[in-house]
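Descriptive structure summary
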Amino acid sequence: MSRVKRLLLPFVALCMVIVAVSCQHKELCVHHPHEVTLKVEFDWRNAPNANPQGMCVFFYPVEGGDPVRYDFRGTQGGAITLTVGKYNVITYNNDTESILFANAGSFEKHEAYSREGGLFEPIYGSAAAPGPRASGTEDEKIVITSEMMWGCPAFDVEVTDTGIGYTCIPEKDKDNYVQVEREEHVITLYPADQMCLYSYEIRNVENIKYASQMCASLSGMAGGMRLSTEALHSESVTLPLEARIIKDSAKVRGEFYTFGHNEDNADPHRMLLYVWMNSGDKFYFGADSERFNVTDQIHKAPNKRRVHIIIDGLDLPKPIQNGGGYNPSVDDWDTIEEDILMGSR
């Protein structure tokens, strides 16, 4: 063998190894899942007054596996890295304090709910002191009112090497889903209000000047919801409510966020008002009174997410003078007359 051939043989062998390795690498690349840079945008036309400190987005692989969560400061979104594939998506603001979350590993079961609390929590904080309940609601759990949430789902999200397709909620008609196809890696999500804002007003309150503090409760409400469908929990709960005394206009007012009323639930909605007087006596109103049965006002509200409740007329008792008037018990709440129950602090 010539000296030239002896020199060429190792070179040829090296070239064959390089070609083999190159071919092998190309073969592996075909089966390796690619990652792309995806831009997440939030369009706030459904909630123009929203002001969350941040948003989170969950990408749920359709073919199974753990969801991928991304968090963004503010309301603008940002760029993420995501593996090519099919997903469902849930997004909501990540700055809530009183709302709890469960089953975050499942797109279908991911839910938000309110923690249990005390009937007089608006007065005493977290203390779970027992108190009177509206007739027929004694077995309902007591859960605190909520904060505002903004969010929405997106379905059938398919991320490819060349773009993205997904089904989302359009800006005006939440019952009409639209399919989006883009030749760029951008997904636009349309968060909307996910909580209801309720308010109430008790007018023409006699002897309101003798009251020192108040709170209220509302029964028959939903304590949580599924985030993928916004379906409300079917179990009825009672909400403890703050009450503001407006002495110069003889009114009591309150406002609160709630998941709302499950329309498939026939339980009535009854309000109770708890009153602490300057004298140290305490009363509650509405246990059986039809004036405090606000079921129709909630069910027939023109806007289910903006409900205003009105109760007209309430007589607070005057202070005891010269040994006459009311004679409350020392340790418990007692019914006296005309739906007024009282005791001592």
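So, here's what we can say about the structure. For clarity, every value in this text was computed on a predicted model and none was experimentally measured.

Basis of the calculations
- Residues numbered from 1 in each chain as written.
- Predicted model: local features only at pLDDT ≥ 70, side-chain atom pairs only at ≥ 80, totals over all residues.
- Heavy atoms only, no water.
- Salt bridge = Lys/Arg side-chain N within 4 Å of Asp/Glu carboxyl O.
- Buried < 20%, exposed > 50% of the residue type's maximum accessible area, 1.4 Å probe, protein only.
- 1 Å grid on protein atoms, 1.4 Å probe; cavity = no way out; pocket = protein on both sides within 12 Å on 5 of 7 lines; lining within 4 Å.
- Points joined across faces, edges and corners; volume = space filled by probe spheres on them.
- Helix = DSSP H or I, 4+ residues; strand = E, 2+ residues; numbered from the N terminus.
- Nonpolar A, V, L, I, M, F, W, Y, C, P; charged D, E, K, R; others polar.
- Pairing = 2+ DSSP bridges.
- Axes fitted to C-alpha atoms, helices over the stretch in contact; angles between N-to-C directions.

Structural notes on the pattern of salt bridges
Proximity of charged atoms lets side chains of opposite charge pair with each other. Summed over all chains, the structure comprises 11 salt bridges. Lys39 serves as the salt-bridge partner of Glu41, at 3.7 Å between the closest nitrogen and oxygen. The class for Glu41 is partly exposed, based on a relative accessible area of 26%. Residue classification places Lys39 among the partly exposed residues on the basis of a relative accessible area of 42%. Across the pair Arg115 and Glu121 runs a salt bridge, and its minimum N-O distance is 2.6 Å. One network of salt bridges, in which partners are shared, links Glu201, Arg203, Lys251 and Arg253.

A short note on the layout of surface pockets
Considering only enclosed or pocket space, the largest pocket measures out at about 540 Å³ in volume. As for the largest pocket, its lining consists of 26 residues, of which Glu230, Leu232, Phe259, His261 and Arg305 are closest to the centre. For the lining of the largest pocket, the elements supplying multiple residues, two or more each, are strand 14 (196-206) and helix 3 (295-299). Looking at side-chain class alone, the lining of the largest pocket contains 12 nonpolar, 7 polar and 7 charged residues.

Section: the sheet that holds strand 4 (residues 77-83)
Strand pairing within a sheet occurs via backbone hydrogen bonds; the two strands may be parallel or antiparallel. In spatial order, the strands read 4-1-12; together these 3 strands make up an open sheet with mixed pairing. Every interior strand has two partners, whereas the edge strands, strand 4 and strand 12 (186-189), have only one. Between one strand axis and the next, the sheet turns by 30 degrees as a mean value, whatever way the strands run. In this structure, strand 1 (residues 35-42) lies alongside strand 4, joined through 7 bridges in antiparallel fashion.

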